[in-house]
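Residue-level structure breakdown
Here's the letter readout for the chains.
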Amino acid sequence: MLQNILLPLDGSPLAELAISYATILARRAGADIVLVQAVQAHTPPGVDQTDAELEVMGRAQAYLQMVTARLEAEHVRSSAHVYYDDAAHAILDAAERQSADLIVMSTHGRTGIGRMLYGSVADLVLRHATVPVVLVPASAKGGLQVGQQIDTLLIPLDGSELAEEALASAENLPLHRETRITLLRVIEPPAYPLYGDGYTYIPYDEETELAQARQYVDQQVSRLQAAGRHAMGRVVVGQPAGVITSAARELHPDLIVMATHGHGGLSRLILGSVATSVLRQSSIPLLLTRPSALHAEEPEPCVHREGDAEAQDGAARPRVAVHSDEEIELRVSRADLYLIECGLKALAYAPGYDYEHVTAARALARRLEEATPSMTESELQSRAEPMPVP
């Protein structure tokens, strides 16, 4: 059951497309909407950016208060949170701190859908969020309006247990009894090269595949109908993205629900595969569920330890996991410490790094900054070594 819906905004009209969807879900479920906006100030080098930070924070707070007033007029409870951070990390942190059950966000950003999907905000959120994410494309301008409700769902399945987690996400939505659910099973024929030796033949019997797919879909439809849902099934042979898009144009669903797994992991699905194609070709919002099998924490990184017995004998050092709460003592100069702090800050705002690494870098940089007195320019110059002359 939905209790908290996280709604990231950036002040743009395109981002506000997600407001109506979040409002409809919140009203139906009796849930709260948690508004979050991330801001950053950019000033010329050497200029104190305190005033700029206060200005952007103030504008964001005023904007979110305006949105909060709109939600209150729709009888929806809400709270507002402004982060001085980049968008992806702010969204993920807010989702965890506010115990969000669902994230509803636009897929446009200020630099277009391609930027959002390829390595930026949406990609980071989808790779690290532990709750379903509703992505509202920029083309969904004629979608649901406040006061309407979700009448039709399209749920593509591929026969795997991971894909069936999309069904669980759909069942957790605050749907009314008349909501029509269409389960779509796409059979993708194997792709054979036009010519060439050495390719492995993949047995494929279309009639058998169709029969098995229909049986599978019928079982899922029967289960939903037994629970009182209006469900129907459809089996189609073709390319998944194209079939899903065609079905969406025909059925006009209010929401497409998919599990973000694919057969090559989440990154394959987001970067150039089914979900990306559907988002680009369709104006229907897409609810993506990250399978619970992917929620398990990744194994801790392993590093070589100096002084291991095997290393003393000249053998390869064993890889020993270093726990995050293990403390070690390290003697460094103030200049070295300053360089470490600068490096951590650069890592903390560098694109492409994992959320956990960036978060840890920022936390450590703050600890160093608080514990270390700032060095004067003369001290830094006195520490600097002269460059070798060729």
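Residues numbered from 1 in each chain as written. Predicted model: local features only at pLDDT ≥ 70, side-chain atom pairs only at ≥ 80, totals over all residues. Heavy atoms only, no water.

Along the protein chain, the regular secondary structure elements total 14 helices and 12 strands. Looking at the protein chain as a whole, 41% of its 390 residues qualify as buried. Partitioning the contacts of the protein chain with sequence separation of at least 6, the portion at a separation of at least 24 is 76%. Carbon together with sulfur atoms contributes 51% to the accessible area of the protein chain, which is approximately 22200 Å² in total. (Helix = DSSP H or I, 4+ residues; strand = E, 2+ residues; numbered from the N terminus. Buried < 20%, exposed > 50% of the residue type's maximum accessible area, 1.4 Å probe, protein only. Contact = heavy atoms within 4.5 Å. Areas by Shrake-Rupley, 256 points an atom, 1.4 Å probe, with all protein chains shown as cover.)

Now for the side chain of His176. Inspection of the secondary structure puts His176 in the loop between α6 (165-172) and β7 (180-187). If sequence neighbours within four positions are ignored, His176 has contacts with Arg28, Gln149, Ile150, Asp151 and Arg229.

Turning next to the environment of Leu7. If you trace the backbone, Leu7 turns up in strand β1 (residues 4-8). Leu7 sits 96 residues away from Ile103 along the chain, and the two C-alpha atoms are 6.1 Å apart. For Leu7, the contacting residues outside a window of four places in its chain are Ala18, Ile19, Ala22, Ile33, Val34, Leu35, Val36 and Val104.

Scanning all chains against the criterion turns up two cavities of 30 Å³ or more. Space inside the second largest cavity adds up to approximately 30 Å³. Residue lining of the second largest cavity: Leu126, Ala129, Val131, Val133, Leu288 and Arg290, and that is the complete set. (1 Å grid on protein atoms, 1.4 Å probe; cavity = no way out; pocket = protein on both sides within 12 Å on 5 of 7 lines; lining within 4 Å. Points joined across faces, edges and corners; volume = space filled by probe spheres on them.)

Attention shifts here to the sheet that holds strand β9 (residues 255-259). Here we have 10 strands laid out as an open sheet, ordered β3-β2-β1-β4-β5-β10-β9-β6-β7-β8, and mixed in their pairing. Each of the sheet's edge strands pairs with one partner strand only, and the pair in question is β3 (78-84) and β8 (230-237). Strand-to-strand twist in this sheet, taken as the mean axis angle between neighbours without regard to direction, amounts to 20°. Across two bridges, strand β6 (residues 152-157) lies against β9 in parallel orientation. When the sheet's bridge partners are listed, Leu154 is paired in β9 with Ile256. (Pairing = 2+ DSSP bridges. Axes fitted to C-alpha atoms, helices over the stretch in contact; angles between N-to-C directions.)

Turning our eyes to something else, we now look at the pairing of strand β5 (residues 133-136). What you see with β5 is no split at all: Val133 and Leu135 on one side and Val134 and Val136 on the other are buried throughout. Where strand β4 (residues 102-106) meets β5, four bridges bridge the pair, whose relative direction is parallel. Each residue of the ladder has a partner; that of Ile103, found in β5, is Val133. Here β5 runs beside strand β10 (residues 286-289); their pairing, made up of three bridges, is antiparallel.

Attention shifts here to helix α7 (residues 206-226). Here α7 contains 21 residues, and its C-alpha end-to-end distance of 30 Å stays within 8% of the 30 Å for a straight helix at 1.5 Å per residue. Of the residues making up α7, those classed as buried are Leu210, Ala213, Tyr216, Val217, Gln220, Val221 and Leu224. Looking down the long axis of α7, one finds its buried residues gathered within 135° of arc, a one-sided arrangement. Turned more than 90 degrees away from the buried face of α7 sit Glu207, Gln215 and Ala226, all of them exposed. Tucked inside the fold, the buried residues of α7 contact β6, α6, β7 and β8. Where α7 starts, the residue carrying a side-chain oxygen 3.2 Å from the main-chain nitrogen of Glu207 turns out to be Asp205. (Expected span 1.5 Å × (residues − 1). Arc of directions from axis to C-beta. Polar contact = N/O pair within 3.5 Å; in protein donor to acceptor, adjacent residues only side chain to side chain.)

We now examine the nonpolar core. Counting 47 residues, the largest nonpolar core has Leu9, Val104, Leu153, Ile155 and Leu183 as the members making the most contacts within it. Element by element, the count of residues in this core is highest for helix α1 (residues 17-29), at eight residues. Listed in part, the 36 residues of the second largest apolar core include Leu92, Val274, Val278 and Leu279. (Core = buried A, V, L, I, M, F, W, Y, C linked by side-chain atoms within 4.5 Å.)

Taken residue by residue, the protein chain gives an average pLDDT of 75. The fraction at 70 or more is 67%. Low pLDDT (under 50) marks residues 109-119, which in the prediction has 29 contacts with non-local residues, meaning those over four places away or in another chain. Across residues 293-324, confidence stays below pLDDT 50; counting only partners more than four residues off in sequence or on other chains, it has 34 contacts. (pLDDT = per-residue confidence, 0-100.)

The next thing to look at is the packing of helix α3 (residues 87-97) against helix α5 (residues 121-128). When two helices pack together, their arrangement is given by the angle between the helix axes and by the axis-to-axis distance. At a minimum axis separation of 8 Å, α3 and α5 run at an interaxial angle of 30°. Compared by their axis directions, α3 and α5 come out roughly parallel. Here the hand of the crossing between α3 and α5 comes out right-handed. Between α3 and α5, the contacting residues are Ala87, Ala88, Ile91 and Leu92 on the first element and Val121, Leu124, Val125 and His128 on the second. Looking at the contact of α3 with α5, its residues break down into seven nonpolar, one polar and no charged. (Parallel < 35°, antiparallel > 145°, perpendicular 65-115°, else oblique. Left-handed = near helix turned anticlockwise from the far one by under 90°. Nonpolar A, V, L, I, M, F, W, Y, C, P; charged D, E, K, R; others polar.)

With that settled, the discussion passes to the pattern of salt bridges. Across all of its chains, the model carries seven salt bridges by this definition. Measuring nitrogen to oxygen at the nearest pair gives 2.8 Å for the salt bridge that ties Glu55 to Arg59. Taken together, the positions of Glu55 and Arg59, both in helix α2 (residues 50-73) and four residues apart, correspond to about one turn of that helix. Among the ionic pairs, Arg97 bridges to Asp93, the shortest N-O distance being 2.6 Å. You can see Arg97 and its partner Asp93 sitting in helix α3, four residues apart, about one turn around the helix. Classification of Arg97 by relative accessible area gives exposed; the value is 61%. (Salt bridge = Lys/Arg side-chain N within 4 Å of Asp/Glu carboxyl O.)

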